[in-house]
Every structure is written in structure tokens, then in C-alpha cells.
Amino acid sequence: MRYISTRGNAPALNFEDVLLAGLASDGGLYVPENLPRFTQEEIASWAGLPYHELAFRVMRPFVEGSISDTDFKQILEETYGAFAHSAIAPLRQLNANEWVMELFHGPTLAFKDFALQLLGRLLDHILLKRDERVVIIGATSGDTGSAAIEGCRRCENVDIFILHPHQRVSEVQRRQMTTILGENIHNIAIEGNFDDCQEMVKASFADQSFLKGTRLVAVNSINWARIMAQIVYYFHASLQLGAPARSVAFSVPTGNFGDIFAGYLARNMGLPISQLVVATNRNDILHRFMSGNQYFKETLHASLSPSMDIMVSSNFERLLFDLHGRNGVALAELMSTFKATGKLSVEEDRWVEARKLFDSLAVSDEDTCATIADVFKRTGEVLDPHTAIGVKAARECRRNLSTPMVVLGTAHPVKFPDAVEKAGIGKALELPAHLSDLFQREERCTVLPNAIEAVQAFVAQHGNRGRPL
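Below is a short write-up of the structure. (Residues numbered from 1 in each chain as written. Predicted model: local features only at pLDDT ≥ 70, side-chain atom pairs only at ≥ 80, totals over all residues. Heavy atoms only, no water.)

## Concerning the overall build of the protein chain
Here is step 1: A tally of regular secondary structure across the protein chain gives 18 helices and 15 strands.
Here is step 2: Whereas a compact globule of 469 residues would reach a radius of gyration of roughly 23 Å, the protein chain reaches 21 Å, a difference of no more than 12%.
Here is step 3: Taken along the three principal axes of its C-alpha coordinates, the protein chain extends 60 × 50 × 50 Å.
Here is step 4: Within the protein chain, buried positions represent 61% of all 469 residues.
Here is step 5: The long-range share in the protein chain, meaning contacts at least 24 apart out of those at least 6 apart in sequence, stands at 76%.
Here is step 6: For the protein chain, the exposed area adds up to about 17,600 Å²; of that, 46% sits on carbon and sulfur atoms.
Here is step 7: Considering the protein chain, the positive charge centre built from 46 side chains and the negative charge centre built from 55 side chains are found 1 Å apart. (Helix = DSSP H or I, 4+ residues; strand = E, 2+ residues; numbered from the N terminus. Rg over C-alpha atoms; globule rule 2.2 N^0.38 Å. Buried < 20%, exposed > 50% of the residue type's maximum accessible area, 1.4 Å probe, protein only. Contact = heavy atoms within 4.5 Å. Areas by Shrake-Rupley, 256 points an atom, 1.4 Å probe, with all protein chains shown as cover. Lys, Arg positive; Asp, Glu negative; His and termini not counted. Charge placed at Lys NZ, Arg CZ, Asp CG, Glu CD.)

## Some words on the sheet that holds strand β4 (residues 98-102)
Here is step 1: Strands sit in the order β3-β4-β14-β9-β10-β13 across an open sheet of six strands; the sheet is mixed. With one partner strand each, in any of the chains shown, β3 (91-95) and β13 (358-362) form the two edges of the open sheet. If you compare each strand with its neighbour and ignore which way they point, the axes differ by 25 degrees on average.
Here is step 2: Lying on the sheet, helix α9 (residues 224-240) is in contact with β3, β4, β9 (248-253), β10 (273-280) and β14 (405-409); it crosses β9 at an angle near 140 degrees. (Pairing = 2+ DSSP bridges. Axes fitted to C-alpha atoms, helices over the stretch in contact; angles between N-to-C directions.)

## Observations concerning the pattern of salt bridges
Here is step 1: All chains considered together, the criterion is met by 29 salt bridges.
Here is step 2: The partner of Asp359 in a salt bridge is Arg355, with the nearest N and O atoms 2.9 Å apart.
Here is step 3: Classification of Arg355 by relative accessible area gives partly exposed; the value is 26%.
Here is step 4: Of the charged contacts, one joins Arg378 and Asp374 as a salt bridge, the two residues approaching to 2.7 Å between their closest N and O atoms. With Arg378 and Asp374 both in helix α15 (residues 365-379) and four residues apart, this pair spans about one turn of that helix.
Here is step 5: By relative accessible area, Asp374 is classed as partly exposed at 24%. (Salt bridge = Lys/Arg side-chain N within 4 Å of Asp/Glu carboxyl O.)

## So, the sheet that holds strand β15 (residues 446-448)
Here is step 1: Strand order in the open sheet made by the five strands is β8-β5-β6-β7-β15, with parallel pairing throughout. The outermost strands of the open sheet, each flanked by one partner alone, are β8 (215-217) and β15. When the angles between neighbouring strand axes are averaged without regard to direction, this sheet yields 30 degrees.
Here is step 2: For strand β5 (residues 134-139) and strand β6 (residues 158-165), the ladder comprises six bridges, and the chain directions are parallel. Looking across to β6, one finds that Ala139 is bridged to Leu163.

## Description of helix α4 (residues 69-81)
Here is step 1: In this model, α4 (13 residues) spans 18 Å end to end at C-alpha, consistent with the 18 Å of a helix rising 1.5 Å per residue.
Here is step 2: For α4, the full list of buried residues reads Phe72, Ile75, Leu76, Thr79 and Tyr80. Angular distribution of buried residues about the axis of α4 spans 110 degrees; they occupy a single face of the element. Exposed and oriented more than 90 degrees from the buried face of α4 are Thr70 and Gly81. (Expected span 1.5 Å × (residues − 1). Arc of directions from axis to C-beta.)

## Comments concerning the packing of aromatic side chains
Here is step 1: Scanning the entire structure with this criterion turns up 24 aromatic pairs.
Here is step 2: Between Phe38 and Trp46 the ring centres are 4.8 Å apart and the planes differ by 75 degrees, which places this aromatic pair in the edge-to-face class. In terms of burial, Phe38 and Trp46 fall into one category: buried.
Here is step 3: Between Phe56 and Phe72 the ring centres are 6.1 Å apart and the planes differ by 50 degrees, which places this aromatic pair in the tilted class. Here Phe56 is found in helix α3 (residues 51-63), whereas its partner Phe72 is found in helix α4, with 16 residues between them in sequence. For the pair Phe56 and Phe72, one class covers both residues: buried.
Here is step 4: Here a set of aromatic residues connected by ring pairs shows up, and it is made of Phe257, Phe261, Tyr264, Phe289, Tyr295, Phe316, Phe338 and Phe358.
Here is step 5: Between the NZ or CZ atom of Lys73 and the centre of the ring of Phe56, over which it lies, the distance is 4.9 Å.
Here is step 6: Just above the ring of Phe296 sits the side chain of Arg288; from NZ or CZ to the centre is 4.3 Å. (Phe/Tyr/Trp six-rings, centres within 6.5 Å; stacked < 30°, edge-to-face > 60°. Lys NZ or Arg CZ within 6 Å of the ring centre and 35° of its normal.)

## A closer look at the side chain of Thr140
Here is step 1: Summarising the element assignment, Thr140 is placed in the loop between β5 and α6 (143-152).
Here is step 2: Given the relative accessible area of 1%, Thr140 is considered buried.
Here is step 3: A distance of 3.0 Å separates a polar side-chain atom of Thr140 from the backbone nitrogen of Gly145.
Here is step 4: When sequence neighbours within four positions are dropped, the list of residues in contact with Thr140 reads Gly145, Ile162, Leu163, His164, Pro165, Met177 and Phe194. (Polar contact = N/O pair within 3.5 Å; in protein donor to acceptor, adjacent residues only side chain to side chain.)

## Some thoughts on helix α7 (residues 171-178)
Here is step 1: Along α7, six of the eight residues are buried, which leaves the element largely enclosed by surrounding structure.
Here is step 2: Among all positions in α7, only Val172, Gln173, Arg175, Gln176, Met177 and Thr178 are buried.
Here is step 3: For α7, the secondary structure elements touched by its buried residues are α6, β6 and β7 (185-190).

## Observations concerning the environment of Glu199
Here is step 1: With respect to the helices and strands, Glu199 occurs in helix α8 (residues 194-206).
Here is step 2: Given a relative accessible area of 46%, Glu199 falls into the partly exposed group.
Here is step 3: Expressed as a C-alpha distance, the spacing of Glu199 and Val312, which sit 113 residues apart in the sequence, is 9.9 Å.

This is how it looks when you write it as C-alpha cells:
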């Protein structure tokens, strides 16, 4: 399997090099040169497989030539053996033909565990083989940071630096990051917003001279391995609901477009998905594109669903690449225009093509709380605010009531007590046993100004287990 850049001016890489590269040298994102496609018979034969075995079948083509089948199977067994629910991603029915797929049974109670528990093990495997040491810099709006730290904390050859917007993540999210202590773990609170953090990460990848020769690795969803791992649970849910004999629809709470792009890829790999609903909050750049072909930056607003408080969606470039016939030159020109003007639109026929599969909705905090309250009243289930947005969008945008609708349950509600409290359901939430003492644990975090020079100086000073790089 070879991987190419969305901007068409970077060398094609194998999986091992893509895992370590993150962002392409031309500023683009890596995607498979050719996507594997499975027959309906193949997909049907996977019904009933344990999650790790299904994951092996779905992801094997992406790592072929870089990781042996034996090693990959062991990595996947270890990855999903760490989850608290034996079904790994259980489905819970809310309504007639409406389900929530619970993606929060991993160590940090969020869907990011599916990819980042795997990514940490893949990095360990490959870095050990290459006898190489790397630095991870990641930006998080909440859940990616704790999942990345948890996934990579035991990696012998990794120093990890996670940037989050100061005082703009929930207390549980913050503590899940800052209470994991280790010489190779560094939490940085930036006096800015998530997009500031994300821009610093991208700029650091573009110019890595501050590392003095050490390689930089991405854990954000720009890393292909993140997307690859998320494809699996679309197959998992669909098979339980009758696929491939019937199609399935999905509603996906998303800010950075990575999670829903994985569903788009699953469909292109042969899974019968009839509809993908982009569910977002008032920071609605994706909804503005899907509903009106207008993709432009606006002021970032804090919301009750902070993981989607994003102005620019990093992974959207991967969809734009396909919409432009995988023409890297055309895509590079489009992204250059966006960088210069802060906005873009595509030709009408390309937008119409996207709308054949995608619908979207932007949901207010008020409607988020109302949905949490309504679902609790009718089912006794407590939703986190992101999942509630997914449910609201699913119900507003659903095209066909006879098609099963699956909402991706992206996080455990205990991570967002403010939203649950404002919903007024009157139910106290408790942390799972492995996090029961979270509020008593020591925290370690450094607050830095919104300046890339300060961040890069900190990384250079504290990398390599505290020995300057």
C-alpha cells in the first residue's frame, strides 16, 4: 500500500513512513493511493467476528508490507483488550430503528481511544524496529489529548507534548491529561483557542528545525492511522444491523471531519452506507459548506460541546481531494486560496456530488440540553452533549425511516457534567472505577502564551526525557 499527498507534490510513502510523517512535506494530508474494496460476500462473512478480528480484516490492506499479519493481530488484540466492554463498541437502541454506538468504553472514555490506543502500539512496534526516537506534538479540544497520552505513555521512544486551550476544556478532560505523570509527558495550556493550538502544530511540522534532527510525529487526526482505525466501527455497527444485505445511515458529531471521513471511506470500500449526517454545534463551518457550499472562518464560540469548538476542519481537505478527482494541483490551488482569503467554495457539480451522501445540522446549546433531557425522559439513557447533537441531527436530517440510523456516541457523559446539569435531568454521574480518584490526583501542566516561539522553545528544552534536544 502506497500513500500520496492531497496536494500532489510530496513523495509517495509506505504505511510505516506515513505513520511517522503525519503531515506531508507539501502541507497536504496523506491518503491511500488506491482504496481497498471488499465484495458483499466478504463483508457478509465477517458477521459475528470479535472486534479485533474484524479490525484485522478491515485494516490489513492499509499496513500490508509494513507489519506482518502475526504482529498486527497481536497489536489489535492488545489494543481492544484494554476496553471495558466486551463488545468494544456496543449498540444501544433509543428509538424505532435508531441506535447509539457507544464508543466510550476505552481507557479515557472517548472514541479517540479506538485510534490512539492502536497508534501508541504501532509507534512502539515501528520505532523499536527502527531504533528511532521521536517527539509527538498534538493539539486537542478535549479528548484527543488524554487519549494520546494514555495510548503513548508507555512508549519507550516517544516524548509527547499536548497543547490544549487554557480554561476551554472540561475539568474532567483537563485532569485526564494533566494527572498522567511521566518524564516523557508534557501538557501545555495555550492562552488561546483550539485553532491557535492546531496552527502551532501544523507550523511545527512545516519547519522542524527547532528539534535539531529529531523527527516530529502527529497524533491528531491528520495522521492516517487515526482515520484507518475509525473505519472499523462503521463495519462493526452495520454488520450488527443487517449489512451488507441492507444499507445503514450514520449521524456523526464532528468538528475536524476525521470521524465522519472514516465513514465515507468505509462506504467507498464497499459498505452500503446510504447517508452520513454531519452533526455540529454553533461553530458550524462544515454545516455551512454542506448546506450552502460556503466554507469560511468565523469567530470561535465556546459551547457545551467543546470538542467541536473548531473554526477550521483539518480533515476536510481529504474529502475536497476526492471531490476534485484526486487532482493534487487543483487541490493545492484551492487550499492556497483558502489560506489567503479564509474562505472557499467548490464548483456546483462537485458540491452536488457531496450532497448525495452528506447532510448536516448545526445544533445550539439550548437544543443540545433539550435533547439530553428528552432522551433521558424517554429511555433513561444519559447522553454527552456531542452525542446529543448527533441524535438531534439524525432526527432532523434523516432521509428514510426504514433505514437503520446509528448515532456515534463519542464520549461518556461524565466528561461533560455542565451540559448534563443544564439539561436538568436530576441524575448524578459517577466516574468509572479506574478514574474514581481523578479529582484527588496530582496535576502537572505548563501555561504558555499564544506564541509558537514559546512552545517550540519549551519542546526543545524538555524533550528526550528532560534532556534538551
